[in-house]
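Reading the structure
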Amino acid sequence: MDGWREQLWTRRVAPDRFEITCLPFFTYGICHRDVVTIDDRHLVSAVVEKSGHSTLRVALVREHPHRDRFHELLHGEVAATGLAHEWLQGTYLSVDLPPGADAQNPLVKILTGLEEEGALLWEIDS
């Protein structure tokens, strides 16, 4: 989205390097624990070290008649995986897939079915 920026939480790991400590919802190419540099406006200028993590992103369709039920289903399923995750406004879900995490876990099967019903969109970014 032109002119729009996502605030990313970081921790300083060197004078000029920062580790991503959150799960990005909208920023592509940056995942949990990646190391980045920033410019003088505090905007990410480069990813200097990839962590090997990936981000599973889900966007529930707001107008879907069963959105709240599907939110509860996904909330339970992702909690059962033990993977770190964050919700935004009850509609967007970001799940950390650390190195070695099974991208074909049961959650993916559920997401595929709900996507076929037109209830959500999902993707994995690394």
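Residues numbered from 1 in each chain as written. Predicted model: local features only at pLDDT ≥ 70, side-chain atom pairs only at ≥ 80, totals over all residues. Heavy atoms only, no water.

**Side note on the sheet that holds strand 3 (residues 35–38)**
The sheet built from 4 strands is open, its strands ordered 1-2-3-4 with antiparallel pairing. In this open sheet, the two edge strands, each paired with only one partner strand, are strand 1 (10–14) and strand 4 (44–49). Averaged over all neighbouring strand pairs, the angle between strand axes comes to 40°, with direction disregarded. The pairing of strand 1 with strand 2 (residues 17–20) spans 4 bridges and is antiparallel. Within strand 2, the position partnered with T10 by the bridge is I20. (Pairing = 2+ DSSP bridges. Helix = DSSP H or I, 4+ residues; strand = E, 2+ residues; numbered from the N terminus. Axes fitted to C-alpha atoms, helices over the stretch in contact; angles between N-to-C directions.)

**Side note on the confidence of the model for the protein chain**
Model confidence for the protein chain is summarised by a mean pLDDT of 92, while 97% of its residues fall at 70 or above. For the protein chain, the element scoring lowest by mean pLDDT is helix 2 (residues 106–116), at 92; strand 2 scores highest, at 98. (pLDDT = per-residue confidence, 0-100.)

**A closer look at unusual backbone geometry**
Phi is positive for R33, close to 75°, though the residue is something other than glycine. Inspection of the secondary structure puts R33 in the loop between strand 2 and strand 3. Its identity is not glycine, yet Q89 carries a phi of approximately 55°, on the positive side. Residue position: Q89 is located in the loop between strand 6 (85–88) and strand 7 (92–97).

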